[in-house]
Amino acid sequence: MSRTKPDRATAQPDLSVVVPAYNEEHRLSPTLDAVIAHLGQTPSRTWELIVVDDGSTDATAALVTGRAAHDSRVRIVNSPENRGKGHALRLGVAASRGRRVLVTDADLATPVEELEHLEKELTDGGAAIASRSAPGATIEARPSRPRRLLGSAGNFLIRRTTLPGIRDTQCGFKLYDGEAARDAYVASRLDGWATDVEVLRRLRRGGRTVTEVPVRWAHQPGSKVRPLDYLRFLADLIRLNRSGVLAALLFLAFSVFLYSGRFFDPDGRYLTDSLQDQNQWEWFFAVTADNVAHLRNPLFTDLQGYPDGVNLMANTVMLGLSVPLTPVTLLLGPAVALSLCMTLGLAVTAVAWYRLLLKRVVPHRHRPAAFLGAALAAFAPPMVSHANAHPNFVVLFLIPPIVERALRLCEGTRPTRDAIVLGLLAAYQCFLGEEALLLAALGMTVFAVAYAAVRPGVARRAAPGLLRGLAVAASVCLPVVCYPLLWQFHGPQSYSGIDHGENAGNSPLALLSFAERSLLAGDAVRADALSLNPTEQNAFYGFPLVLLALAVTVLLWRSTPVVRALAATALVAALLSLGPRIGVPLTDVVLPGPWALLGRLPLLDSVIEGRVAMVCAPVLGMLAALAVERLVRRPRRERYAGLAAVCVALLPLVPAPLRSEPRAAVPAFFADGAWKAYVRGGETLVPVPLADPLDAGALHWQVVAGLGFRMPGGYFNGPYGDGDRTGVYGVPLNFTSGLFADVHATGVVPVVDAAARRQARTDLAGWRAGALVVPPGRYAEQVRETVEKLVGRPGERVGGVWVWDLHEGS
């Protein structure tokens, strides 16, 4: 936009006052009266008053035209359509001629009399801006509390990312050096409310001084700021913040919001929907730190599952993070380490997707579109479900760089270096989550095949370099992971696949329904009926997002080939996630699914097939980002209608914070160390019932006790036993553990005869049990009675539990 030069034949006024106005017929007249009256009090000052009609549909233009007919110092600048405050100010300031330029809102919330305070502080070439937050400011009438909170949040983001040191950028009363204002506004690009931030940043970067001046201010009714304007303001801030710091802060804030129920008290709160997974993962972090601190093998332990132990490499303990976080775990505890891992990991994953979308997906590096797509990729309903203590499925910050390096291999710019980096990234991801890497590889393969079908010529040229690069990457990756993988698949307590049952695939309805944790549309009953459990709601994208993806695919089918490949990837992933048998909703018809073939392959036989739908999250994020990027360049009506459709599709996916509850107190027997008197070297402590996937509280007690004792049972993946290497969760029950589990489940005390006592003694000897412990809980009295019958004597009450010392002579 070229700036209109002032007519040199006309004397340059001392002051230009620019007022943007949109449908302001009721508030503008008193404002014009007040400004003209105040300026008229200083006869020696020459001035002009420019009102920019920003496409008003009321009598605003007629009102100003009438004033201009009687006073040549009043002018009107017309915009053919409403485009926002930033666009209006750009037109008005460009048309100004004054040595100084005052921009003020049409409601005159800051009285025009405050101008003299700004004039005293204005330095040559700079700006003096009214501030409601500077010491000495007076607020005579405040807006509503939600508006104040949103304003405070916006100011915080602005100070931390764009204009450090300025408390209030949005007060609509600013005085500029004329030439500085015209240069800054003409160079500005934002049309919305964030134009103040952009202009002030341009002045600062140009070495100009920006001074905040405390003023009187009063909120005026009839504000033109609407709820969606806050989202637009946020999008504009992201556009301004090219370093990505603002995007990273927003992702972190949303991650903390998601975990807010536990983040500030990780030791005292438990994620309700994690079932027993939080106990398990805290134990994983604790045992890894213990192994590292004592220079033991980090791939194995016998602290649970005694005497056979646990193959840690086969249990996804995330050595890639649990080992580096060892100091945090040892100093602050595994609860804090796991909380930091998941909260920061989720935010960093979103940043990684944001960088990939900016570089590879969104044309013109449109930052708000990339931000939206990355938010969907990282915080989609399946990811939120797994955020209930499944860090291996939310801490995915290496997946986008892996995708990026694979794309670089296709380009062939620096093939050797890119292949080596890809190999190292893949190796590291193996120590973060092999299943996530497997699913990513599956999604990338489907995309590659689809893209080759769409653009065969490009695929033929890229294929040789890609295949050579993958070979080099494999030669780098395999030596790093060879020994850990051998241990995982052939070491102690290794297994060969896990049968997750016949209902591990998604229902077609799950893809169209809303997740339990949806802030606006959550339906816990429906989500529970369509998923394995709250941690495995692997679809639930909602029918509005599915319709949006379909619309984007149809509209961009011809113009954007990558959209066709993305749509095919999402469709294939969704079909595979339905499992080997697909039940047609509302009928008894069952059809064979494509997973029936893939699910028999090595590695894939251990995958919960419903998780394949997680591949759809980044794909749908990319489609949404492409849609937004195209929409912002469309005419106003199409743009607003399209963006409204995107909002309708995405708003139901915004999650509520994860549910949490106060953690049950640890019995003093474990917390105070009383257990030490009952466990000798090499012996175990046997909680009754034994820890299992349904109740793993004993793992937490063991962690609180400093991992000082071993115990049979537990919650982990291992072989079924007796030569059967089929994977199972927990330890297969023997007679004694099965007896304890039955009583704990039913509350029925069984008949205990001599044969039962003999078998119990055999099982306890196999466990090298030093003591049996019955903690408080459901049917604790019946469990105590059963143990008393098996042992043949009553226990003793110690530290809030019942204890039976099993040493000879006790």
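Everything in this summary refers to the structure shown in the same document. (Residues numbered from 1 in each chain as written. Predicted model: local features only at pLDDT ≥ 70, side-chain atom pairs only at ≥ 80, totals over all residues. Heavy atoms only, no water.)

**A look at the packing of helix α11 (residues 277-293) against helix α29 (residues 697-704)**
A pair of packed helices is captured by two measures, namely the crossing angle of their axes and the spacing between those axes. Contact geometry for α11 and α29: axes closest at 8 Å, N-to-C directions at 30 degrees. In terms of axis orientation, α11 runs roughly parallel to α29. As for the relative orientation of α11 and α29, their crossing is left-handed in sense. From α11, Asn 279, Gln 280, Glu 282, Trp 283 and Ala 286 reach across to α29, where they touch Gly 697, Leu 699, His 700, Gln 702 and Val 703. For the contact of α11 with α29, the class distribution of residues is four nonpolar, five polar and one charged. (Axes fitted to C-alpha atoms, helices over the stretch in contact; angles between N-to-C directions. Helix = DSSP H or I, 4+ residues; strand = E, 2+ residues; numbered from the N terminus. Parallel < 35°, antiparallel > 145°, perpendicular 65-115°, else oblique. Left-handed = near helix turned anticlockwise from the far one by under 90°. Contact = heavy atoms within 4.5 Å. Nonpolar A, V, L, I, M, F, W, Y, C, P; charged D, E, K, R; others polar.)

**Side note on the sheet that holds strand β21 (residues 801-805)**
Sheets are built from strands that pair by backbone hydrogen bonding, the pairs being arranged parallel or antiparallel. The strand order β16-β19-β21-β20 describes an open sheet built from four strands, whose pairing is mixed. Lying at the two open borders of the sheet, with one neighbouring strand each, are β16 (684-687) and β20 (796-798). Direction aside, the axes of adjacent strands within the sheet are offset by 35 degrees on average. The sheet contact formed by β16 and strand β19 (residues 769-774) spans four bridges and is parallel. When the sheet's bridge partners are listed, Leu 685 is paired in β19 with Ala 771. (Pairing = 2+ DSSP bridges.)

**Brief notes about the pattern of salt bridges**
Here the structure, examined in full by the defined rule, presents 39 salt bridges. Ionic pairing is found between Arg 67 and Asp 33, a salt bridge with its closest N-O pair at 2.6 Å. One end of the pair, Arg 67, is in helix α2 (residues 60-70); the other, Asp 33, is in helix α1 (residues 28-39), and 34 residues separate them in sequence. Relative accessible area serves as the criterion here: at 22%, Arg 67 is assigned to the partly exposed category. Residue Arg 659 pairs with Glu 516 through a salt bridge whose shortest N-O separation is 4.0 Å. Here Arg 659, found in the loop between α27 (636-650) and β15 (660-662), pairs with Glu 516, found in the loop between α21 (508-512) and α22 (524-529); they are 143 residues apart in sequence, far enough to count as distant. By relative accessible area, Glu 516 is classed as buried at 14%. Taken together, the salt bridges that share partners define one network made up of Lys 359, Arg 360, Glu 404, Arg 405, Arg 408, Glu 411 and Asp 418. (Salt bridge = Lys/Arg side-chain N within 4 Å of Asp/Glu carboxyl O. Buried < 20%, exposed > 50% of the residue type's maximum accessible area, 1.4 Å probe, protein only.)

**Topic: the packing of aromatic side chains**
The tally for this structure, following the rule as stated, stands at 17 aromatic pairs. Centroid distance Phe 670 to Phe 709: 5.9 Å. Interplanar angle 40 degrees. Geometry classified as tilted. Residue Phe 670 is located in helix α28 (residues 668-671), and its partner Phe 709 is located in the loop between α29 and β17 (717-721); the two are separated by 39 residues in the primary sequence. Residue Phe 670 is classed as buried on the basis of its relative accessible area of 3%. (Phe/Tyr/Trp six-rings, centres within 6.5 Å; stacked < 30°, edge-to-face > 60°.)

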